[in-house]
Amino acid sequence: MAIKKRILKMSHYKPPLEGRSERDYLLLDFNERTTGPSPKVKEALKKFIDSGRLQVYPEYGDLEAKIAQYAGVSANRAMVTNGGDQGVDIICRACLDEGDKIIIPFPAFAMHYQSAGIQGGELLEPKYKEDGSFPLEESLNLITEEVKLIILCNPNNPLGSSIPVEDVEKILDKAKKKEVTVLHDEAYFEFSGITTKDLIGKYDNLYIMRTFAKAFGLVSLRAGYLISQENNIQELLKIRGPYDVNMAAKTAILAALEDIQYMKDYAREVMEESKPKLEEFLKEKGIFFYPSDANFLLLKVPSPQGLINELKSQGILVRPKPASDGTAAVRVSIGELKDTEQFIRVFRKILDKEKQVE
Ligand SMILES: Cc1ncc(COP(=O)(O)O)c(C=O)c1O
């Protein structure tokens, strides 16, 4: 079997998906919505199933123009992808040859490493600082002609912390001079409001990845997009297949974009009600968390796996993720206020029990 050596050396990215039923657990482990997408999505999908067109190849019509309109960029600057992950993969395939250097500040989202690894990229990993801030100087110093790609996750997953757009521009500026591509991962844009889309015109080395998986709640359908200058998009379309995004995803995206308010209401509740409530509780208990602009918090606790197990036994799933120093921490997704209240109730009980044991 002539599989490439570097693939043989890699491991699968196997997120813990088994048995995570929302009937048994409150799912705070994958940064998903804790409620479904807009009812318009369900209606549109039912109509699509009944249309008798399941046997016909997908066609996207003006989907990309609609996405571009939502994103606030001109029509030819957006390209739909099969989830945000495909966007990352397409950029890695477009930019990296074996042995090319790639900068991915640590920690980062697992699929960034996976896609870079498949292409044989040689990883450079400046470390986020202890307070969750971005290693700007170190990253700038690493940009040389040998680097082909930089992936900036903004806000960072798993930390939640963000990079000021002025600092992203400093990276873009140096990267442009050295002919390095920058992928700006905006998976959590709807929660953070942070975007570099206004820099697209100025920087032809900038690509933005976004997804309908998070605030829009279409994760099971796999729906994302890339934004860049039109010439770049034309190149990327050579890599994405003509049918990679299926019609159910297309149908759902269009319906979700007809009801943007539904998404906004959810994002507002998460960021303005739920997240402050959780932060207040953690402060009261003296538990360290990174400042977050996304729908999750990364907590440092003495026994991360113990807490994860204890929460699971009480019906709540959360994830182990690395802190900025590489030690284990606990990432908790934030849903509606009632979800956070449930989380706090259970966590408080666990902490009280631990105190009694001491
Ligand atoms: C930072 C980041 N980028 C990209 C993605 C991929 O999104 P999708 O589920 O649309 O592939 C995720 C999903 O968790 C993410 O957290």
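The preceding data block contains the structure.
Residues numbered from 1 in each chain as written. Predicted model: local features only at pLDDT ≥ 70, side-chain atom pairs only at ≥ 80, totals over all residues. Heavy atoms only, no water.

## Some thoughts on the pattern of salt bridges
Within this structure, the stated rule accounts for 24 salt bridges. In this structure, Glu186 engages Arg210 in a salt bridge whose closest nitrogen and oxygen atoms are separated by 2.8 Å. With Glu186 in the loop between β6 (181-185) and α8 (189-192) and Arg210 in strand β7 (residues 206-211), the pair connects residues that are 24 residues apart, well separated along the chain. Residue class for Arg210 comes out buried when judged on its relative accessible area of 1%. Lys238 is the partner of Glu235 in a salt bridge, and the nearest nitrogen-oxygen pair spans 2.6 Å. Three or more residues joined by partner-sharing salt bridges are found here, namely Arg20, Asp29 and Glu32. (Salt bridge = Lys/Arg side-chain N within 4 Å of Asp/Glu carboxyl O. Helix = DSSP H or I, 4+ residues; strand = E, 2+ residues; numbered from the N terminus. Buried < 20%, exposed > 50% of the residue type's maximum accessible area, 1.4 Å probe, protein only.)

## Here's the deal with the layout of surface pockets
Space inside the largest pocket adds up to approximately 500 Å³. Forming the boundary of the largest pocket are 26 residues, of which Asp85, Phe109, Lys214, Val219 and Arg222 lie nearest the centre. When the residues that make up the lining of the largest pocket are grouped by side-chain class, the tally is 13 nonpolar, four polar and nine charged. For the second largest pocket, the calculated volume is near 310 Å³. Forming the boundary of the second largest pocket are 16 residues, of which Ile287, Pro302, Phe347, Leu351 and Glu354 lie nearest the centre. Elements with a minimum of two residues in the lining of the second largest pocket: α12 (304-313) and α13 (337-357). (1 Å grid on protein atoms, 1.4 Å probe; cavity = no way out; pocket = protein on both sides within 12 Å on 5 of 7 lines; lining within 4 Å. Points joined across faces, edges and corners; volume = space filled by probe spheres on them. Nonpolar A, V, L, I, M, F, W, Y, C, P; charged D, E, K, R; others polar.)

In short, geometric facts, not functional conclusions.
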